[in-house]
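Descriptive structure summary
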Amino acid sequence: MELSDEKLNTLIENTRPLVDFWSEDDVDLEERKSAVLKLREYFGNKYTIEYRMLRNRRSVNPDKRSHIDMLFPGLGNCEIANWALHGTDIFLDEQFDSYRSTAFNRPDTYRAISKENFTQWLEALLTSPLALKEQIDSVLASDVSLSECEKQVLNEMLDSVEEEQLRKDGSLAGELFSWLDLNSDGKAVVFCGHEKTAENVYQMLVDKFGGLVERHVAGETPKFIMEPDIRVLVCDHAGEDGINLQGKKRLAVHYSLPLSISRIEQRNGRLNRYSAYSKSSEKVQSLVLVPKRDGFYKQWAQLLVSGVKVFSRNCASLQYKIDEFIDSSWPDIHANGYSGLLTLSEQLAGENGVVDNAIRDLEVQEVFEQDVLDIVNAKKILKSSIPGRYRFRRKHGSNERMDYVGTAFRFEE
């Protein structure tokens, strides 16, 4: 709930004197009813829609699973796997942070990266070395006037792409081999989020696993769903929405890490879905790949795993609120580097963090919505069960009021 919501506060202040039952002032009953209804309608509409507060929503608290949650496999553990480089070789993540810092302090000399397009660069870094190469190539081929020193920095990053791509792919192949070997009835979906990255991953996995691997094609039903021999499905951005990939045992591999919680929630939703097999389905496991050294990639992964916990709990009711808060933090991260992600993670997590506060707001709203439903249902019961001669009228005396209450609720003396 937004405590700074001026319209909500105004409605509350307008309603307060009308529901002060200790006040000696006469109150217009129609005015009171109108004020209460306006407050209830605004509160219910704004906070129900904005936070996706449906009576039968899936819980954001894994320890308080609703009856709806029981129909879904649920989200399990998330493992983080590393890829490494030789000795003192510099990761693209480290080169990117150095480039960001230099460009921030010398904007007249380094023009290709700025506060306005920083997240575009970061999204490419967190997708794959190939995606970062595509970003750099587009800058070098553009009309942007680049200094020689900036061109040199960008070309040095390009020189690192091939080796780091091989290392990341090798880590993926090793993790998949181990998981498939330990889970003979399991299947894995590899989310790449980028067409060229998905095509590269698919070709690499086919070379290692042969016919066990399928490439998702938009608009077509994957054989992965029905054919037991196809155990790995590789998806680009098109595979993050609109397909049902649930089953008895599933692994979601986040080869790329989007900057949007909503996109990750969509990915989870491909696997954590209702199906006829739900009663015997195991919780969806997740795997995230990160460089071995600290940087943007590793800190963003930690934020998602430990701060938001998007891989281990349903965040559908929270995703827009969290994305809004994260989006407001990018200018600070652009200025200060990946250490800003650690600060952001601390603000999101914890007992009084953004996430827990949002959960408490949702729980309050859920109680409010249930109270409204209880009132509506009570009115229906009373209307159908009370004879006309007992209907409440303000003119009736106390004895008739007691008859009314006794009849309505079946009290016996």
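Residues numbered from 1 in each chain as written. Predicted model: local features only at pLDDT ≥ 70, side-chain atom pairs only at ≥ 80, totals over all residues. Heavy atoms only, no water.

- As named in an unreviewed UniProt entry, the chain is Helicase C-terminal domain-containing protein, taken from Vibrio variabilis.

Some details on the nonpolar core
- Counting 75 residues, the largest nonpolar core has Trp-121, Leu-172, Leu-176, Val-190, Leu-205 and Trp-300 as the members making the most contacts within it.
- With 9 residues, the single largest contributor to this core is helix H6 (residues 148–182).
- Once residues within four sequence positions are removed from consideration, Leu-205 is found in contact with Leu-172, Ala-173, Leu-176, Val-190, Gly-210, Val-213, Val-232 and Val-234.
- In terms of nonpolar packing, the next biggest core, distinct from the first, is built from 12 residues, Ile-230, Cys-235, Ile-243 and Leu-271 among them. (Core = buried A, V, L, I, M, F, W, Y, C linked by side-chain atoms within 4.5 Å. Buried < 20%, exposed > 50% of the residue type's maximum accessible area, 1.4 Å probe, protein only. Helix = DSSP H or I, 4+ residues; strand = E, 2+ residues; numbered from the N terminus. Contact = heavy atoms within 4.5 Å.)

So, the pairing of strand E6 (residues 284–291)
- The buried count for E6 comes to 7 of 8 residues, which makes it a mostly enclosed element.
- In the sheet, strand E1 (residues 75–83) pairs with E6 via 7 bridges, with the strands oriented parallel. Along E6, the bridge assignment pairs Leu-75 with Val-284.
- Pairing between strand E5 (residues 250–254) and E6: 4 bridges, direction parallel. Within E6, the position partnered with Val-253 by the bridge is Leu-287. (Pairing = 2+ DSSP bridges.)

A word on the packing of aromatic side chains
- Inspection of the entire model under this criterion finds 8 aromatic pairs.
- On the numbers, 5.7 Å between centres and 45 degrees between planes, the contact of Trp-300 with Trp-330 is tilted. Here the residue Trp-300 occupies a position in helix H9 (residues 296–308), and Trp-330 occupies one in helix H11 (residues 330–336), the gap between them amounting to 30 residues. With respect to burial, Trp-300 and Trp-330 carry one shared label: buried.
- One aromatic cluster in this structure is built from Phe-96, Phe-118, Phe-296 and Tyr-338.
- The side chain of Lys-168 reaches across the aromatic face of Tyr-255, ending 4.2 Å from its centre. (Phe/Tyr/Trp six-rings, centres within 6.5 Å; stacked < 30°, edge-to-face > 60°. Lys NZ or Arg CZ within 6 Å of the ring centre and 35° of its normal.)

Section: the sheet that holds E5
- The 6 strands are arranged E1-E6-E5-E2-E4-E3 in an open sheet whose pairing can be described as parallel. Each edge of the sheet is formed by a strand with only one pairing partner; in this case those strands are E1 and strand E3 (213–215). When strand polarity is set aside, the average angle formed by the axes of neighbouring strands in this sheet is 20 degrees.
- One ladder, built from 4 bridges, connects strand E2 (residues 187–191) with strand E4 (residues 232–235); its direction is parallel. Across the sheet, residue Phe-191 finds its bridge partner in E4, namely Cys-235. (Axes fitted to C-alpha atoms, helices over the stretch in contact; angles between N-to-C directions.)

Quick notes on the state of the cysteines
- Here the structure, examined in full by the defined rule, presents 0 disulfides.
- Cys-235 supplies the cysteine sulfur nearest to Cys-192, a cysteine that is in no disulfide, at a spacing of 7.9 Å.
- You can call Cys-192 buried: its relative accessible area is 0%. (Disulfide = S-S within 2.5 Å.)

Examining the side chain of Thr-127
- By secondary structure assignment, the location of Thr-127 is in the loop between helix H4 (118–125) and helix H5 (129–140).
- A polar atom in the side chain of Thr-127 sits 2.7 Å from the backbone oxygen of Glu-123.
- Aside from chain neighbours lying at most four places away, what touches Thr-127 is Lys-168, Cys-192, His-194, Thr-197, Tyr-255, Ser-256 and Tyr-297. (Polar contact = N/O pair within 3.5 Å; in protein donor to acceptor, adjacent residues only side chain to side chain.)

So, helix H1 (residues 6–15)
- Listed in full, the buried residues belonging to H1 are Leu-8, Leu-11 and Thr-15. Projected down its long axis, H1 shows its buried positions confined to an angular sector of 65 degrees, all on one face. (Arc of directions from axis to C-beta.)

Remarks on H5
- Taking 1.5 Å per residue, 12 residues should reach 16 Å; H5 reaches 16 Å between its end C-alpha atoms and fits that length.
- Within H5, burial applies to Pro-129, Ala-131, Leu-132, Gln-135, Ile-136 and Val-139. For H5, the buried positions fall inside an angular range of 165 degrees around the axis, keeping them on one side.
- Contacts made by the buried residues of H5 are with helix H3 (92–105), H4, H6 and helix H7 (195–209). (Expected span 1.5 Å × (residues − 1).)

Some remarks on the environment of Ser-280
- Inspection of the secondary structure assignment puts Ser-280 in the loop between helix H8 (261–271) and E6.
- Between the C-alpha atoms of Ser-280 and Pro-73, which are 207 residues apart in sequence, the distance is 8.3 Å.

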